[in-house]
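Examining the three-dimensional arrangement
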Amino acid sequence: MNIFHFINAFFSDSTHWHGYDGIPTRLREHVQYSLIALGVAAAIGLPVGLITGHTGRGGNTLALIATAARALPSFGLLVVMFILLGLGLLPAMIPLVVLAVPPILVTTYEAMRSVDPSPVDAARGMGMAEPEILFRVELPVALPLILSGLRSAAIQIVSTATIAAYVSLGGLGRYIIDGLSQRNYEKVVGGATLVAVLALVTLGVFWAVDRLTVSPGVRGRA
Amino acid sequence: MIRIDSVTKRYPDGTVAVDRLSLEIPDRSITVLVGPSGCGKTTTLRMINRMIEPSEGTILLDGADITKQPVNTLRRSMGYVIQNAGLFQHRTIIDNIATVPRLLGWSKDKARARARELMERVGLDGALAKRYPYQLSGGQQQRVGVARALAADPPVLLMDEPFSAVDPIVRKGLQDELLRLQAELGKTIVFVTHDIDEAIKIGTMVAVMRTGGRLAQYAPPAELLSDPADAFVEDFLGTDRGIRRLSFFPSTGLELTTTAIVAVDATAEQIAARATPDVPYLLVTGLDGRPLGWSAPGDLTAGAVDPAELLPFGRPFVHGEESLRAALDGAVLSPTGWAVAVDREGRAAGVVSQQTIAEAIRTAHAEGRDAAKVAG
């Protein structure tokens, strides 16, 4: 019995492709949790990172909070949230968001700080307003690095979203948790493989977004 | 006119960057702020477009306090050129140049048409329009920087060490280009540099500043070279002050000797007639009138002059157009001690000895002193 045997057995079993515990359903749930968590984390991390990066203020405080948040174990946080909030989407989302905010926030901040100051000085001297400088001068140049922060956050979310199954939610974590409790290793390996494939797809999506949104003038220089 | 009226910039830590500076910057001319690092020249420039606010004093633009209008309106009325150009790397060259017109609400087509016009004006190949900044050389990027500053046709141009980051040959080209542009456009330019030679070359007026943000001297470049206000200015001007000052004396008044020139196909009689005792050498010219080289009259064979055997004539100067410095340089470089004057087409107009040039310099200095007395 090797791992490829498990994988083959899991995916060739037609019952795994139908119903509420079928691969399409679990995949859809997993993608859904991941998108919500990434969306919320980006909604927190991006504005704070952009503004602190643009103004240059609050960088140290930010790094401190981010480091502290990174030290929190996601699973431990999930248990605490379950005790405080019970079952549901919210206690599962909080650890994922807490996991994803630091890489987004810190890379966005660093990306903005690493923008060459002379075009910013030129823009200000030409009479551009501060929001215009942020969005039209700094952001386009900082974009590749910001996207890399979002990408690593997304990968972490996709792999960690498996813990949602612990609080009775769906997603690909179901196969792993159920498989472990049933000693059905075929299921465990199958679920893990799906998570890995989804992570690779995420990488591909970010590669495409990078290609479409980053100016050739910025990419050519790197 | 820009009027800086006893302006002081003091930072919270007590550092004084600019100390009670007063300057009147005349319209349609290049005013250069020059001095060692830490003399407050950049701070002064940046106070004119309010990138830095003065602690005391006022700056007036055409009689009105610059703080009385919205800061971005003020900045859009002044072109701004910085070291390393500061181009937007995510935008094409044409869109970089079109930035301020777009800010002022011009349509994309109109702004781009204007940008194309400016590319031509600053000597950039139109084929570069769709390129990105990283694909251009440092000198080309700086030209884009100048074009971008000129895009909305502002009356004032602020330039902060714009040519410091390029190599000397490119820098000279950019300086010449700026002078040519200025002759066409007549902007009020404030130019910051730490290079005194650059200041003397391009400035109509030069403000020499010293550490601590104080004005050491404010004068036209020729006056700076002839009458430095104090030891600091003299030291900052460096060596060869006298020779460099000659650049401001035209060669127009130089009396040329025209008899010491023979054509390459001259007859024996012509050579004999031209060889007078006070002319030890004859300048041989080609049939097109361009100088070929020097020869002692006795060494010339009528009708069979071999150009390869002539003495070199150094660098000729354009009579009436180039300065006494160029004439003196030509004479010093020539093995005969005589400089060759040419017209604009490069045809020999005459020759002139070191002695004659030296007399012209003495006369020019005397006239310069008289003029200074009248002005004073």
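Quick notes on the rules
Residues numbered from 1 in each chain as written. Chains lettered and ligands numbered in written order. Predicted model: local features only at pLDDT ≥ 70, side-chain atom pairs only at ≥ 80, totals over all residues. Heavy atoms only, no water. UniProt positions renumbered as here; feature names shortened; annotations may be inferred. Helix = DSSP H or I, 4+ residues; strand = E, 2+ residues; numbered from the N terminus. Buried < 20%, exposed > 50% of the residue type's maximum accessible area, 1.4 Å probe, protein only. Contact = heavy atoms within 4.5 Å. Areas by Shrake-Rupley, 256 points an atom, 1.4 Å probe, with all protein chains shown as cover. Lys, Arg positive; Asp, Glu negative; His and termini not counted. Charge placed at Lys NZ, Arg CZ, Asp CG, Glu CD. Buried area = accessible area lost by both parts, 1.4 Å probe. Salt bridge = Lys/Arg side-chain N within 4 Å of Asp/Glu carboxyl O. Polar contact = N/O pair within 3.5 Å; in protein donor to acceptor, adjacent residues only side chain to side chain. Axes fitted to C-alpha atoms, helices over the stretch in contact; angles between N-to-C directions. Parallel < 35°, antiparallel > 145°, perpendicular 65-115°, else oblique. Left-handed = near helix turned anticlockwise from the far one by under 90°. 1 Å grid on protein atoms, 1.4 Å probe; cavity = no way out; pocket = protein on both sides within 12 Å on 5 of 7 lines; lining within 4 Å. Points joined across faces, edges and corners; volume = space filled by probe spheres on them. Phe/Tyr/Trp six-rings, centres within 6.5 Å; stacked < 30°, edge-to-face > 60°. Lys NZ or Arg CZ within 6 Å of the ring centre and 35° of its normal. Core = buried A, V, L, I, M, F, W, Y, C linked by side-chain atoms within 4.5 Å. Pairing = 2+ DSSP bridges. Patch = residues over 30% accessible without salt bridge, like charges linked within 9 Å, V, L, I, M, F, W, Y side chains within 5 Å. pLDDT = per-residue confidence, 0-100.

Chain A is annotated in an unreviewed UniProt entry as ABC transporter permease from Streptomyces mangrovisoli. In the Sequence similarities (unreviewed entry) part of its UniProt record, chain A is described as follows: "Belongs to the binding-protein-dependent transport system permease family."

**A word on the overall build of chain A**
When its secondary structure is counted, chain A shows ten helices and zero strands. With the principal axes as the frame, chain A shows a C-alpha extent of 65 × 40 × 25 Å. Counting all 222 residues of chain A, 49% fall into the buried class. Here the analysis covers contacts within chain A between residues at least 6 apart in sequence; of these, 76% occur between residues at least 24 apart. In the form shown here, chain A has an accessible surface area of approximately 10,800 Å², with 68% of it arising from carbon and sulfur atoms. A gap of 1 Å separates the mean positions of the 14 positive and 12 negative side-chain charges of chain A.

**Considerations on the interface of chain A and chain B**
Put simply, an interface is often sized by how much accessible area is lost when its parts join up. Of the residues lining the interface, 22 residues belong to chain A; the matching set on chain B comes to 21 residues. Of the roughly 2,000 Å² buried at the junction of chain A and chain B (both faces included), carbon and sulfur atoms supply 61%. Note that D121 of chain A is salt-bridged to R46 of chain B, the shortest N-O span being 2.9 Å. Viewed at the interface, chain B and chain A are joined by six residue pairs in polar contact (both at pLDDT 80 or more). Secondary-structure elements contributing two or more residues to the side of chain A that touches chain B are α6 (117-125), α7 (130-160) and α10 (216-219) of chain A. With seven residues, the top contributor of residues to the side of chain A that touches chain B is α6 of chain A.

**Things to note about the packing of helix α8 (residues 173-181) of chain A against helix α9 (residues 185-213) of chain A**
All names here are of chain A. Put simply, α8 and α9 touch, their axes get as near as 7 Å, and they point 165° apart. Judged on the interaxial angle alone, α9 and α8 are roughly antiparallel. The handedness of the crossing between α8 and α9 comes out as left-handed. Here Y175, I176, D178, G179 and L180 of α8 lie close against α9, whose contacting residues are K187, V188, G191, A192 and L194.

**Here we look at empty space enclosed by the protein**
All names here are of chain B. Taken as a whole and judged by the stated rule, the model has four cavities of 30 Å³ or more. Taken as a whole, the largest cavity encloses approximately 60 Å³ of empty space. Along its surface, the largest cavity is lined by V122, R143, V146, F163, L174, E177, L178 and L181. Listed by contribution, the elements that provide at least two residues to the lining of the largest cavity are α6 (138-150) and α7 (168-185). The dominant element in the lining of the largest cavity, judged by the number of residues it contributes, is α7, at four residues.

**Examining the UniProt feature "transmembrane region" (unreviewed entry) in chain A**
All names here are of chain A. UniProt annotation of "transmembrane region" (unreviewed entry) refers to residues 31-50, 62-87, 157-177 and 189-209 when read in the numbering used here. The span residues 62-87 shows a helical share of 85% and a strand share of 0%, and its end C-alpha atoms are spaced 31 Å apart. A distance of 17 Å separates the end C-alpha atoms of residues 157-177, which is 43% helix and 0% strand.

**Some details on the packing of aromatic side chains**
For the structure shown, the criterion picks out six aromatic pairs over all chains. Plain terms: the ring middles of F75 of chain A and Y166 of chain A are 4.9 Å apart, the flat faces sit at 70° to each other, and that makes the pair edge-to-face. Placement of the pair is F75 of chain A in helix α4 (residues 74-85) and Y166 of chain A in the loop between α7 and α8, with a sequence separation of 91 residues. A relative accessible area of 40% means that F75 of chain A is categorised as partly exposed. Owing to a relative accessible area of 46%, Y166 of chain A belongs among the partly exposed residues under this scheme. Joined through ring pairs, the aromatic side chains of F10, F11, W17 and Y175 of chain A make up one cluster. Across the ring face of Y11 of chain B, the terminal group of K9 of chain B is positioned such that the distance to the ring centre comes to 5.1 Å. Here the guanidinium or amino end of K110 of chain B rests over the ring plane of W106 of chain B, the centre of that ring lying 4.3 Å away.

**Quick word on the nonpolar core**
All names here are of chain B. Membership of the largest hydrophobic core comes to 77 residues, with the highest contact counts inside it found for I2, I4, I48, L158 and V190. Contact partners of V190, with chain neighbours within four places excluded, come to I2, I25, T31, L33, L45, I48, L157, L158 and M159. I30, V32, V146 and L157 belong to the second largest nonpolar core, which has 47 residues in total.

**Some remarks on the pattern of salt bridges**
All names here are of chain B. Tallying each qualifying case throughout the model produces 33 salt bridges over all chains. The salt bridge partner of R244 is D197, with a shortest N-O separation of 3.1 Å. Of this pair, R244 sits in helix α11 (residues 241-245) while D197 sits in helix α8 (residues 196-202), placing them 47 residues apart in sequence. Residue D197 is classed as partly exposed on the basis of its relative accessible area of 44%. E321 is the partner of R344 in a salt bridge, and the nearest nitrogen-oxygen pair spans 2.3 Å. Taken together, the residues span a long stretch of sequence, with R344 in the loop between β15 (338-342) and β16 (348-353) and E321 in the loop between β14 (317-318) and α13 (324-333) at a distance of 23 residues. On the basis of relative accessibility, which here comes to 68%, the residue R344 falls in the exposed class. For E321, a relative accessible area of 48% gives the class partly exposed.

**Points about the sheet that holds β14 of chain B**
All names here are of chain B. Taken together, three strands build an open sheet; the order of strands is β14-β15-β16 and the sheet is mixed. Of all strands in the sheet, those with a lone pairing partner are β14 and β16, marking the two edges. Relative to β16, β15 is paired through five bridges, and the arrangement is antiparallel. Paired with A341 across the two strands is G350, which belongs to β16. Packing against the sheet, α13 makes contact with β14 and β15, and its axis sits at approximately 130° to β15.

**Concerning a positive patch on the surface**
A cluster of basic residues, R102, K108, R116 and K130 of chain B, forms a positive patch at the surface. Judged by its relative accessible area of 41%, R116 of chain B is partly exposed.

**Some remarks on the UniProt feature "domain: ABC transmembrane type-1" (unreviewed entry) in chain A**
Here, the residues flagged by UniProt with the feature "domain: ABC transmembrane type-1" (unreviewed entry) are residues 27-206 of chain A. With 83% helix and 0% strand, residues 27-206 of chain A has end C-alpha atoms that lie 19 Å from one another.

**Concerning the confidence of the model for chain B**
Per-residue confidence for chain B gives a mean pLDDT of 91, with 98% of residues at or over 70. Across the assembled chains, the prediction reports ipTM 0.85 with pTM 0.82.

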